[in-house]
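# Notes for the structure review
Residues per chain, in single letters:
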Amino acid sequence: MTGTVYQIEVNPQLPERLERLDELANNLWYSWDRPTQGLFVSLSPRLWQAVGHNPKAFLKRADQKRLEATADNPVFLGALNRALAAYDSYHEMPGLAHVHGHRFEKDDLIAYFCAEFGFHESLPIYSGGLGILAGDHCKAASDMGLPFIGVGLLYRQGYFSQTLTADGQQQAAYADSNFDDLPVSPLYDADGGELRVTVELPGRAVAVRVWEVNVGHVRLILLDTSLPENSAADREITHRLYGGDKTTRIEQEILLGIGGVRALAKLGMKPTVWHINEGHAAFLILERIRKLMSGDQPAGLSFSAALEAVAANTVFTTHTPVPAGHDHFAEDMIRHYFSAWCQELGLDCAALLALGAEPGQGDFNMTALALRGSRYHNGVSRIHGGVSSNICRHLWPQIPPAENPIGYVTNGVHLPTFLAPEWFDTFESYLGIGWQERQIEPGNWDGVDAIPDATFWSIRQQLKAKMLRLVRERIRTQHARNQGSPAHLDRLLKLVDPENPNILTIGFARRFATYKRADLLLQDLDWLREIISDEGRPVLFLFAGKAHPADQPGQEMIRRLAEAARQPEFEGRLLLVEGYDLHLSRSLVAGVDVWLNNPIYPLEASGTSGMKAAMNGTLNLSVLDGWWGEGYDEGGDDGDEARNGWAIKPAPAHLDAARRDAEEARSLYEILQDQVIPTYYRTGPMGYSPDWVAMTKRCIATIAPRFNVIRMVGEYVRNAYAPAADGGRRYAAADFAVAREVAEWKARVRAAWPGVRLLRLDQPERRLPFGAALHIEVAVQLNGLSSADVTVEILFGRPGLKAGSSKLHHYPLRCTGNNDQGEALYTLDLKPELCGRLEYRVRIFPTHAALSHPFETGLMLWL
């Protein structure tokens, strides 16, 4: 046919009885409420799949006659009423409001900034773990009723969709989202116009539209530059998540940090806590400093006082375990983008550049900016907290890394989102009504052991069968597109049988980055072949994940796996599933038997997929890195068998990469052949392995209460949000008197510190009878400081203990006056409560009652 083609979309009208479906479709509460999702599935399973599980797009395309018929269907109306009752009840009183145990002030508001948010596949503005964690953080804040708002960017293109060729070549495809189909709404000003803010970039002002997403109780504010009044280049700033070059990257981060602060101000919101989730949003520090210095507020603060006021209620979370992973920009680029900022505030650019300076580096580091502009800092697991405190030790140069202000809050996952729905009724029967409200209580999970083994195993097999159906569907589509033969497809799917889900299935699904070592399993193909060649004990390996389009080594890993999968002995036993997304992820973590994770230690900051797997009864087989370093249970009383999974101990640090990989691959093969496979196939008369079921029950009971996001956010409340809110108020009171005082005090201390000296006056005792006092007397040259400005203390304990050890005892010395040389005299008479060999050291550090952390100055001297 010829002629012009005109397109039109005809949208159905919701019958009156179904009108509130639209309300449900526009609140991401549906992303974790399975009954709400079920409403849309029941209307049309095929359409639900076609629109990518997007309720808003679903309602725009639903059949009018079907909707009208459903409006008279008592079964559907009953389900709708139950969903609405749960929705209304949730919004009246969050079920977990009691967990954080802190009563925030009426005007408190936590603003959480992140470059990506992953709530559900229907809002594709995420790429991976950082976004999923941010989404879970918001969901938990909603569940807990926190005064909380998220801030991010609304990308026209989220992360890419992945397909794989027959030989494992990754193909990346980007698609523009239609904002009308997304659960987002533009915000409007008092005059009814679209709410806009302006962000200045060199030589022009960029207009920014402000959108809103509802996530239960929580609001998420998203920023978008795709506006006709902007240039074509500026419209591209928010076009693609993590797209473009360094210029795009810095402009996205300026928009997020500076534009985000301005959007909140335009909405009349005044956060009392600011949380920077990874360094992308750290420019918010500069905008807040500008507002305090430029007269937007009645303060007129100096640069140093404004920095103290901003930092006092700012929280920073780092997710990066290597220095190279931190965002950084050339100093010339920072001057280009922020020279007007410096001119407005009357500052030399050197003051700004110092905030992002790194020793020996010429670039401006966003992590350094975030750390200098915040007072509450954390990594995302115990191991990662230690790694981060060491990486960033130069910011507190005289403080032992273990004692510097970087702590940790181990990540968690949102249980209602990632726990398979098949578990809910069973848990209610055996854990009791209200078990979700008690999810962080270990005793709540004791009831898992009471679930009959046959019932427990049946649920696990249901989840595996569901997962295998999805994998079969994905492999069929993949195979057809690559023009494979039917006979070949049959060989590929011989173990992927939902009717016979008794095959040991091991899953690996995550980003294909080189440090995650997806191909470690292929280190010794002969050994692997021997492990899986037993026809009586078959093993199926499922791999899924994306490599960044610019990451050629990561894509090479995919190709290597595809090459191995094509070998006759591995065909149908090792499958590479394309199109990794949240839907496939939820199915895999719930359905496989074992979750494999083998990163290079200590490069896994936390990882959360293993937590999702564990709460569904999937056993982890992982290197002891990230969260698994805390979650792994070494075993029963005799210690010879893991009770909640298996651990690959990291090889010694002195080994080169090849020897390290060989050692850890050997451990992996030994665990598979000696423990995993025998335990799974040690079946009893009921057709399953009692030992395996016992381990999976133990897995759920030990991991679910500790590694859920409610526990995580509760720790943020106690350790960061509550003290930051109090600190911000304290620093801002009386025209920022404390901020001014602390800034002046720090300047005085830093100027005097090079002249501070310690000298011991008494003769150290070598032996002491128990009950006698150890006398210590120290003279301190304070160089103009007063005794109130410092603390002198001894660290006392057994030999070999390092600073930061909880076994060290801290005893302050008392200032008794000055000697004739003007030195302050400090003394202590200590009666040791221990016998045997002991050690002690004497140190001095600056002290001020308003400091958020005792060592935030980074200054300390040892005798």
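Scroll up to find the structure this text is about.
Fair warning: this is a prediction, and the values are worked out from it, not measured in the lab.

Counting its secondary structure elements, the chain contains 27 helices and 28 strands. Expected size for 863 residues packed as a compact globule is a radius of gyration near 29 Å; at 29 Å, the chain falls within 12% of this value. The buried share of the chain, reckoned over its 863 residues, is 58%. For the chain, restricting intrachain contacts to residue pairs at least 6 apart in sequence, the fraction spanning at least 24 positions comes to 74%. Element-wise, carbon and sulfur atoms account for 50% of the exposed surface of the chain, whose accessible area totals about 35,400 Å². In the chain, 86 side chains carry a positive charge and 104 a negative one; their mean positions are 1 Å apart.

A few words now on the sheet that holds strand S26 (residues 824–830). Sheet architecture is open: 4 strands sit in the order S21-S22-S26-S25, paired in antiparallel fashion. With partners counted over all chains shown, the strands left at the sheet margins are strand S21 (757–760) and strand S25 (814–818), one partner each. Recorded for the sheet is a direction-independent mean angle of 30° between the axes of neighbouring strands. With 4 bridges connecting them, S25 and S26 associate as antiparallel partners. Looking at S26, one finds that Asn 818 is bridged to Ala 824.

To continue, consider the environment of Ile 844. Along the chain, the position of Ile 844 falls in strand S27 (residues 839–846). The buried category is assigned to Ile 844, whose relative accessible area is 0%. Those residues in contact with Ile 844 that sit more than four places away from it in its chain are Trp 753, Val 756, Leu 758, Val 780, Leu 782, Val 790, Thr 791, Val 792, Met 860 and Leu 861.

Okay, the layout of surface pockets next. Of the pockets and cavities examined, the second largest pocket occupies roughly 850 Å³. Taken together, 27 residues form the lining of the second largest pocket, with Trp 29, Asp 33, Ala 86, Phe 424 and Gln 436 sitting closest to its centre. Contributing elements (two or more residues each) for the lining of the second largest pocket: helix H2 (34–43), helix H6 (74–92) and helix H17 (424–431). The greatest single-element share of the lining of the second largest pocket, amounting to 6 residues, is contributed by H6.

The next point concerns the pairing of strand S23 (residues 790–797). The buried fraction of S23 amounts to 7 of the 8 residues, a majority that puts the element mostly inside the structure. Here S23 pairs with strand S24 (residues 809–812) via 4 bridges, running antiparallel. From the neighbouring strand, Ile 794 faces S24, where its bridge partner is Tyr 811.

So, on to the packing of aromatic side chains. Each pair of aromatic rings is reported with the distance of its centres and the angle of its planes. Throughout the structure, instances matching the rule amount to 36 aromatic pairs. Ring geometry for Trp 29 and Tyr 87: centres 5.2 Å apart, planes at 70°, overall edge-to-face. Placement of the pair is Trp 29 in the loop between helix H1 (20–25) and H2 and Tyr 87 in helix H6, with a sequence separation of 58 residues. Assigned by exposure class, Trp 29 and Tyr 87 land together as buried. Here the guanidinium or amino end of Lys 246 rests over the ring plane of Phe 329, the centre of that ring lying 5.0 Å away. Between Arg 510 and the ring centre of Phe 508, over which it is positioned, the NZ or CZ distance is 4.5 Å.

Calculation notes
- Residues numbered from 1 in each chain as written.
- Predicted model: local features only at pLDDT ≥ 70, side-chain atom pairs only at ≥ 80, totals over all residues.
- Heavy atoms only, no water.
- Helix = DSSP H or I, 4+ residues; strand = E, 2+ residues; numbered from the N terminus.
- Rg over C-alpha atoms; globule rule 2.2 N^0.38 Å.
- Buried < 20%, exposed > 50% of the residue type's maximum accessible area, 1.4 Å probe, protein only.
- Contact = heavy atoms within 4.5 Å.
- Areas by Shrake-Rupley, 256 points an atom, 1.4 Å probe, with all protein chains shown as cover.
- Lys, Arg positive; Asp, Glu negative; His and termini not counted.
- Charge placed at Lys NZ, Arg CZ, Asp CG, Glu CD.
- Pairing = 2+ DSSP bridges.
- Axes fitted to C-alpha atoms, helices over the stretch in contact; angles between N-to-C directions.
- 1 Å grid on protein atoms, 1.4 Å probe; cavity = no way out; pocket = protein on both sides within 12 Å on 5 of 7 lines; lining within 4 Å.
- Points joined across faces, edges and corners; volume = space filled by probe spheres on them.
- Phe/Tyr/Trp six-rings, centres within 6.5 Å; stacked < 30°, edge-to-face > 60°.
- Lys NZ or Arg CZ within 6 Å of the ring centre and 35° of its normal.

By themselves these figures say nothing about function.
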